[in-house]
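Structure at a glance
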Amino acid sequence: MAEVPRDADELLTLLDLERIDDDLFRGAQMPTSRPMVFGGQVAAQSLVAASRTVPDEYVAHSLHSYFLQPGDPSTPTIYDVENLRDGRSFVTRRVIAQQHGRPIYAQTVNFQKDEAGYEHEESMPDVPGPDDPSVRPVSRKAQEELHADQWNVADIRFVGSSASGLDDDPLHPGRQRVWLRVSSPLPDDQFFHRAAFTYLSDMTLIGAAMAPHGISFGRGDAFVASLDHAVWFHRPFRADEWWLYDQVSPSASGGRGLVLARVFTQSGELVASVAQEAVLRPRKAAR
């Protein structure tokens, strides 16, 4: 089984949608060992579809989405883009991703023209850098346990979590910190970096909600499925340079876990924020 995407070139090929009508696009699939389409893939392809319908001077600053049905990795995905607003400063698009005649994912994207304004940002926490000996790369075995062939496009290095490697913090029982980057260079255009980041943003995230309970993907302790996903882009950055994924899970209840994350460049600039809620249920054998 081929491993996809393995580098930036294969990721960009995956995100290069076929236009089949003015606001209608087809996204290809690549071979995968996963039984369903990776959530980051459909989110990134949706963002690309929406971006192709707006003038170049507008840049995506936020997206909000729901995962509705598991995607079939053996068939292409159709992306239907609806124009919700064309304003002077902001434009808005809604994207419905469909397979077999039914919606599997819905995304709303807001775009904005570049403008000056007030500036403030939180500071990056004090963490070891991605090349520090204490920071662990993701092993090949761990990727195989996660059926994570889509992770090959990313360099991922774990700083630690509230289960291991981070100091206790009674105010934040669910935490995880990870360094990530696209594993090979991307073109300079911010369009590619935001799309690639959206793909990677679905990686590792729910681990922060699992950490307080001593469970993991690899052991199969819990059933996990993303429910929704939101991204806010604050400042331009490169997805092919190291960024810190500083994740906190404020709550798990009712069979769901919520994770909020800040994204910092290695130089300490806050460039994005992410939020995701997922189904988080004990498997029957673990009860």
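As annotated in an unreviewed UniProt entry, the protein chain carries the name Acyl-CoA thioesterase and is attributed to Nocardioides hankookensis. Turning to the protein chain, the UniProt record has this under Sequence similarities (unreviewed entry): "Belongs to the C/M/P thioester hydrolase family."

1. A closer look at a negative patch on the surface
Side chains of Asp-21, Asp-22, Asp-23 and Asp-80 sit close together on the surface and give a patch of like negative charge. Residue position: Asp-23 is located in the loop between strand 1 (18-21) and strand 2 (24-27).

2. Considering the confidence of the model for the protein chain
Averaged over all residues, the pLDDT of the protein chain is 91; the fraction at 70 or higher stands at 92%. Note that residues 143-147 has pLDDT below 50 and, in this model, 10 contacts with residues that lie over four places away or in other chains.

3. So, the UniProt feature "domain: Acyl-CoA thioesterase-like N-terminal HotDog" (unreviewed entry) in the protein chain
The UniProt record marks residues 30-111 with the feature "domain: Acyl-CoA thioesterase-like N-terminal HotDog" (unreviewed entry), using the residue numbering of this structure. Within the segment residues 30-111, helix and strand shares are 16% and 49% respectively, and the terminal C-alpha atoms sit 29 Å apart.

4. Examining the packing of aromatic side chains
Tallying each qualifying case throughout the model produces 7 aromatic pairs. Ring geometry for Phe-197 and Phe-233: centres 6.0 Å apart, planes at 70°, overall edge-to-face. Of this pair, Phe-197 sits in helix 4 (residues 190-200) while Phe-233 sits in strand 10 (residues 222-233), and the two are 36 residues apart along the sequence. Here Phe-197 and Phe-237 contribute two aromatic rings whose centre-to-centre distance is 5.3 Å and whose plane-to-plane angle is 85°, an arrangement assigned as edge-to-face. In this pair, Phe-197 sits in helix 4 while Phe-237 sits in the loop between strand 10 and strand 11 (243-253), placing the two residues 40 residues apart along the sequence. One exposure class covers both Phe-197 and Phe-237, and it is buried. Through a chain of ring-to-ring contacts, three or more aromatic side chains come together here, namely Phe-197, Phe-233, Phe-237, Trp-243 and Tyr-245.

5. Section: the packing of helix 2 (residues 39-51) against helix 4
For the pair helix 2 and helix 4, the least separation of the axes is 7 Å and the interaxial angle reads 155°. With respect to their mutual orientation, helix 2 and helix 4 come out roughly antiparallel. In this structure, helix 2 crosses over helix 4, and the sense of that crossing is right-handed. Each of Gly-40, Gln-41, Ala-43, Ala-44, Leu-47, Val-48 and Ser-51 in helix 2 lies in contact with helix 4, whose residues at this interface are Phe-191, Arg-194, Ala-195, Thr-198 and Tyr-199. When its residues are assigned to classes, the contact of helix 2 with helix 4 shows 7 nonpolar, 4 polar and 1 charged.

Reading the values: rules and limits
Residues numbered from 1 in each chain as written. Predicted model: local features only at pLDDT ≥ 70, side-chain atom pairs only at ≥ 80, totals over all residues. Heavy atoms only, no water. UniProt positions renumbered as here; feature names shortened; annotations may be inferred. Patch = residues over 30% accessible without salt bridge, like charges linked within 9 Å, V, L, I, M, F, W, Y side chains within 5 Å. Areas by Shrake-Rupley, 256 points an atom, 1.4 Å probe, with all protein chains shown as cover. Salt bridge = Lys/Arg side-chain N within 4 Å of Asp/Glu carboxyl O. Lys, Arg positive; Asp, Glu negative; His and termini not counted. Charge placed at Lys NZ, Arg CZ, Asp CG, Glu CD. Helix = DSSP H or I, 4+ residues; strand = E, 2+ residues; numbered from the N terminus. pLDDT = per-residue confidence, 0-100. Contact = heavy atoms within 4.5 Å. Phe/Tyr/Trp six-rings, centres within 6.5 Å; stacked < 30°, edge-to-face > 60°. Buried < 20%, exposed > 50% of the residue type's maximum accessible area, 1.4 Å probe, protein only. Axes fitted to C-alpha atoms, helices over the stretch in contact; angles between N-to-C directions. Parallel < 35°, antiparallel > 145°, perpendicular 65-115°, else oblique. Left-handed = near helix turned anticlockwise from the far one by under 90°. Nonpolar A, V, L, I, M, F, W, Y, C, P; charged D, E, K, R; others polar.

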